[in-house]
Amino acid sequence: MFHTIEEALKDLQVGKVIIVCDDENRENEGDFVGLGELVTPHMINFMVKEGRGLVCMPMSAALASKLELKPMVEVNTDNHGTAFTVSIDHIETTTGISAYERALTIQKVLDTDVLPSHFRRPGHIFPLVAKDGGVLQRAGHTEAAIDLARLANAKSVGVICEVMNDDGTMARVNDLKAIASKFDLKMITIKDLAKYRLEHESFIKQEVEIKLPTAFGDFKAIGYTSILDGKEHIALVKGEIHADEPILVRIHSECLTGDVFGSNRCDCGPQLHAALSQINQEGKGILLYMRQEGRGIGLINKLKAYKLQEEGYDTVEANHKLGFKADLRNYEISADILRNLDVKQVRLLTNNPRKITGLTEGGIDVVERVPLQVPANKDNEYYLQTKREKLGHLLTIKGAESYEKTT
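On a predicted model such as this, the values are computed, not experimentally measured, just so you know.

Each value, and the rule that gives it
- Residues numbered from 1 in each chain as written.
- Predicted model: local features only at pLDDT ≥ 70, side-chain atom pairs only at ≥ 80, totals over all residues.
- Heavy atoms only, no water.
- Pairing = 2+ DSSP bridges.
- Helix = DSSP H or I, 4+ residues; strand = E, 2+ residues; numbered from the N terminus.
- Core = buried A, V, L, I, M, F, W, Y, C linked by side-chain atoms within 4.5 Å.
- Buried < 20%, exposed > 50% of the residue type's maximum accessible area, 1.4 Å probe, protein only.
- Contact = heavy atoms within 4.5 Å.
- Axes fitted to C-alpha atoms, helices over the stretch in contact; angles between N-to-C directions.

**Thoughts on the pairing of strand E3 (residues 52-59)**
Pairing of E3 with strand E6 (residues 158-163) involves three bridges; the strand directions are antiparallel. Note on E6: the bridge partner recorded for Arg52 is Val163. Two strands pair when backbone bridges link them, and E3 and strand E5 (residues 119-129) are joined in this way by four bridges, in the parallel orientation. Opposite Met59, over in E5, you have Val129 as the bridge partner.

**A few points about the nonpolar core**
With 35 residues, the main nonpolar core has Ile19, Phe32, Met59 and Val109 as its most contacted residues. When contributions to this core are tallied by element, the ones reaching two or more residues are strand E1 (18-21), helix H2 (41-51), E3, helix H3 (61-66), helix H4 (99-109), E5, E6 and helix H6 (173-183). Once residues within four sequence positions are removed from consideration, Ile19 is found in contact with Asp31, Phe32, Leu176, Ile179, Ala180, Leu185, Lys186, Met187 and Ile188. With 26 residues, the next largest nonpolar core counts Leu198, Phe203, Tyr331 and Leu338 among its residues.

**Here's the deal with the sheet that holds E5**
The strand order E4-E5-E3-E6-E2-E1-E7 describes an open sheet built from seven strands, whose pairing is mixed. Each edge of the open sheet is held by one strand with a lone partner, namely strand E4 (88-90) and strand E7 (187-189). Across the sheet, the mean angle from the axis of one strand to that of its neighbour is 45 degrees, orientation sign disregarded. Pairing geometry for E1 and E7, over three bridges, is parallel. Looking at the pairing, Ile19 lines up with Met187 of E7. In the packing of helix H1 (residues 5-13) onto the sheet, contacts are made with E1, strand E2 (30-35) and E7, and the angle to E2 comes to roughly 55 degrees. Here helix H7 (residues 190-200) sits on the sheet in contact with E1 and E7, set at roughly 70 degrees to E7.

Keep in mind that these numbers describe shape and distance, not what the molecule does.
Structural data, given as structure tokens:
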């Protein structure tokens, strides 16, 4: 049903429009997308006539700053945080609304000597500011357009328009498929674009490598910085790593309370120690220590979630009550670090199926899941049961006094 990213890029590079679909759990919509660098009145007219949505102009944050394009509103309450700026028309336009004049406005944005004074405000072209991390930071059509422009070796300006049906309803995948067939357009998904980027780009910077003797054995510690968000991560490496063999790997998300203070409210500290011991005993392996405190919500929010748990909520309900998903962690950077270490196949030390999926989507072959079981205690048994029942963790909970009663 969907085309490859390479096929879409080829069409974009010759001035054709493509269709980009987002996730069915997000907007579940499709947009026409074209390169701003190759915009024509025909492209605008096609989008207006066949798409029927709002023609917008995604651009990089750097260009928006250069043109002094301020946010359309002080407080953005859009459902998905779409970063509209004040609308514009080029000073050479008249009404600014015709396909010719809208194309002209977009073309003039790309002039090398463009100045903020070259545009009237408000106007009929709606600039959108893309997140610097692209679809890996925000899975929107704005970011997709800029990612595609960059991958097509074009300037960081796109042209997009939502696609509606003849009756005014939003076009969904089956409708979009018919439109793509009618006009011979390539159709891709934002999910596939993100996967393509993960497979073809690197988003980490290796900063330093040291020897690290520990209570669990001697390791090599390699420090990385994520280019996407500036977070710092560490790979603890034991032995020689060879690309042609599966390596034992543990991805451990930072837990200050468990890892440092020995909290009994979770199983993080014991899991960390058990993983390091197992890797050391094997004589070869990697532990990735990822800065994703509290399943991605951060330290203070994790403590707030603990407070809610004291009031009777489970760990998932507490996250939801704070306005977060049950688990905000992702594993793209983990996969990136493994690729940097020349790891292609792993025996993953985990009880969490999402980690397997995350690494697989990042191009790492998980050839085996190695269970990581640690005893429960009276303070974390209910927490572990919730992880098993609501988060799908593959746990056999043993060690707490009440275990036999609850199972």
